[in-house]
Amino acid sequence: MTPGTAPEPASRPPSGEEIDDAVDRSPARVSVLLSIGAALLALLVLPPAPAGLLGVPGTALLGVGALRGNRKHVTYGAAGVLLATTVAGVVGARPEVVLSAALLSVLAWDLGRYGITVGEQLGRAADTTRIEVAHATLTAGIGVAGAAVAYAAFLVTTGGQPVVVFALLLFGGFVVLATLR
Amino acid sequence: MSRETSDETGAFRARGEGLEESDDVDVRDHRTERWQGIGGFALFAAGVGALAGSPGLVLAAAVGAAYAGYAGTIDPPAVSTEGGLRIERHLDDPEPVAGETVRVRVALHNDTEGFLPDVRVVDGVPPGLDVVEGSPRHGAALRPGATAVFSYEVRAMRGTHRFQPAQVVVADPSGEIERETTVSAATEIRCRLSLSAIEDLPLRGVSSPAAGRVETDAGGAGVEFHATREYHAGDPLNRIDWNRKAKLGELGTLEYRQERAATVALVVDVRRAAYRAPSPRAPHAVERSVDAAGRVFATLLDAGDHVGLASFGNPGAECWLAPALGHDQRARGRELLTDHPAFDPMPPESDMYASLREDRREELRERLVDRLHDRLAPNTQVFLLSPCCDAFPAEMARRLEAHGRAVTVVSPDPTTDETPLRDLLRMERADRIRDLRRAGIRVVDWSADESLARAVARARERWVS
């Protein structure tokens, strides 16, 4: 018999911040929705065959990961959609299609993981809409800017030159930028 | 995952460490490396695109390169130890009464020249306070000079609570670099105990337990009729028995039962063993004991008694307020119960004489009880406030009673019957209380779901019969 130990030792007074399960840390809503939306748009843009074979399972995995808060699933899912994009590119889809599908799947990948991060740090109860919208807008902006520059270069240079020349041009530009830094 | 970032950051950190007046503000940069895979994708897509002759894939590679380039070259957000972010807290009542809810409005200012698109704040809610509405966490996108406001509600718990610095994470637009820092603002919330009296509280006296104070068997001035006697010269006119004069023609004097104010010492058990709660979220027994002490204190003062206050069992802090009367005493008692360290909502680090052998510990504890007895004036009653979760409070009550003191135990009940073990402990406590009652010691057994006034009323029925 231990007379000194009664019910629950209250080692610390109750506090919402201290007891972890009091904060719902599931992924932030807006980012999750935008992530799944971007992946679905990529599916719509891609030609049916690669979209159906690789894109749909990828999107499903990404959606589950984003909702449940599993970064690995988000990454594998996005990789599936990117693979579908690559296959589409190989089998000769139009450059605009491949470009926009790649951009959308990268965005889906990033937003899914961002939602998880924000959920972990701030929780569902916090108002996080503004940072989520700001992050989505700015991240999309970076991608769109990169795509626009590349597409402009593509329109200017495609006068019968082989693609390798264009690829090397972009790669060289990237290396120059990186060394300038 | 984290590694040193750019040169600027290193230099910056050195500067931050040099500044000693910037009290403990620490800035840490953390690379999330969230874009790590994107460069690989870019090279892969560019290679496949070149091999397959697909311009689309090369364009896709350019998108990946853009992200990799951006994440690799971005500077950390311009928030530093020398300021950048400023926080202000506004409480709708900085001195609430314990139990009330208080709304905390937090304003976050961006004093930098730059746009901060991703500011994540976790406000430093004091550990003793419970957030009951809203969230102390917020995400803000702040233009230069802009302010974001959010609010939440906390339940005021007895004591003085200092807000801690808010934890802030500022991220760049791509989320690659997260700069962690703290932003402080001195905010204090002092929740005072409400000293609301309960209707009435019978004290232990020598005669009937009728309402009110200690009654004596001596006749004299008072309220309740005691006896009549012959008139003596000098008896006050208002106590002459006029009925007797009318009937018998002789003067008589009415005697009333004499009442005198009692002297009571409230002793709160604050040993570690008293910090018990039925569940982690429920108030523990010391909190309820202090609450009960406040109510009893107010009730007795209202009735004109002398009341004092003592803590028992915290080796680090001891509270003692000698019994006295009146408004000043009331204010003093309230202050002490509100935030004297002996009544800390957190249990003391160690128990009394924790390092000693059991029998030696017993002996020293008994000596402490004797010291308490010696400290009190002879007629002082003792109210012992303790959950009685171990044998000691009952022993203490018996020992004081043996010294000739009238002891009343007010015992907040922290037990539950959720598991067989807890049920056993509950029954042990019930046994202890039964034994105390059998020994003639009054016990107010105060369960978690009733008011103190109700518990007293229940106990009182027992005392009357």
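Criteria and thresholds
Residues numbered from 1 in each chain as written. Chains lettered and ligands numbered in written order. Predicted model: local features only at pLDDT ≥ 70, side-chain atom pairs only at ≥ 80, totals over all residues. Heavy atoms only, no water. Helix = DSSP H or I, 4+ residues; strand = E, 2+ residues; numbered from the N terminus. Buried < 20%, exposed > 50% of the residue type's maximum accessible area, 1.4 Å probe, protein only. Contact = heavy atoms within 4.5 Å. Areas by Shrake-Rupley, 256 points an atom, 1.4 Å probe, with all protein chains shown as cover. Expected span 1.5 Å × (residues − 1). Pairing = 2+ DSSP bridges. Axes fitted to C-alpha atoms, helices over the stretch in contact; angles between N-to-C directions. Buried area = accessible area lost by both parts, 1.4 Å probe. Salt bridge = Lys/Arg side-chain N within 4 Å of Asp/Glu carboxyl O. Polar contact = N/O pair within 3.5 Å; in protein donor to acceptor, adjacent residues only side chain to side chain.

Caption draft 1: How the structure looks around the overall build of chain B. Assigned secondary structure in chain B consists of ten helices and 20 strands. Residues classed as buried in chain B amount to 52% of the 465 residues present. Long-range pairs, those at least 24 residues apart, make up 70% of the contacts in chain B with a sequence separation of at least 6. Just so you have it, chain B exposes about 20,700 Å², and 50% of that area is on carbon and sulfur atoms.

Caption draft 2: Main features of helix α6 (residues 326-339) of chain B. Taking 1.5 Å per residue as the helical rise, α6(B) with its 14 residues ought to reach 20 Å, and the 21 Å between its terminal C-alpha atoms agrees with that figure. Looking at the buried residues of α6(B), the elements they touch are β8 (159-162), β11 (188-191), α5 (285-302), β16 (306-312) and β17 (320-324) of chain B.

Caption draft 3: A look at the sheet that holds strand β1 (residues 28-31) of chain B. Residue and element names in this part refer to chain B. What the five strands build is an open sheet, ordered β1-β10-β9-β4-β6; its pairing is antiparallel. Edge positions in the sheet fall to β1 and β6 (137-142), since each has one partner strand and no second. Taken over all neighbouring pairs, the strand axes of this sheet differ in orientation by 25 degrees on average, direction set aside. Here strand β4 (residues 116-124) pairs with β6 via five bridges, running antiparallel. When the bridges of β6 are listed, R120 appears paired with G139.

Caption draft 4: Molecular detail of the interface of chain A and chain B. Counting from both sides, the interface comprises 67 residues of chain A and, opposite them, 75 residues of chain B. In total, chain A and chain B occlude about 6,000 Å² of area from one another, counting both sides; carbon and sulfur atoms represent 67% of this. At the junction of chain A and chain B, the tally comes to one salt bridge. Notably, a salt bridge pairs D110(A) with R34(B), separated by 2.6 Å at the nearest N-O pair. Inspection of the chain A/chain B interface yields eleven residue pairs in polar contact (both at pLDDT 80 or more). Those elements giving two or more residues to the side of chain A that touches chain B turn out to be β1 (8-9), α3 (71-90), α4 (95-122), α5 (129-157) and α6 (163-180) of chain A. Residue contributions to the side of chain A that touches chain B peak at 15 residues, all from α4(A).

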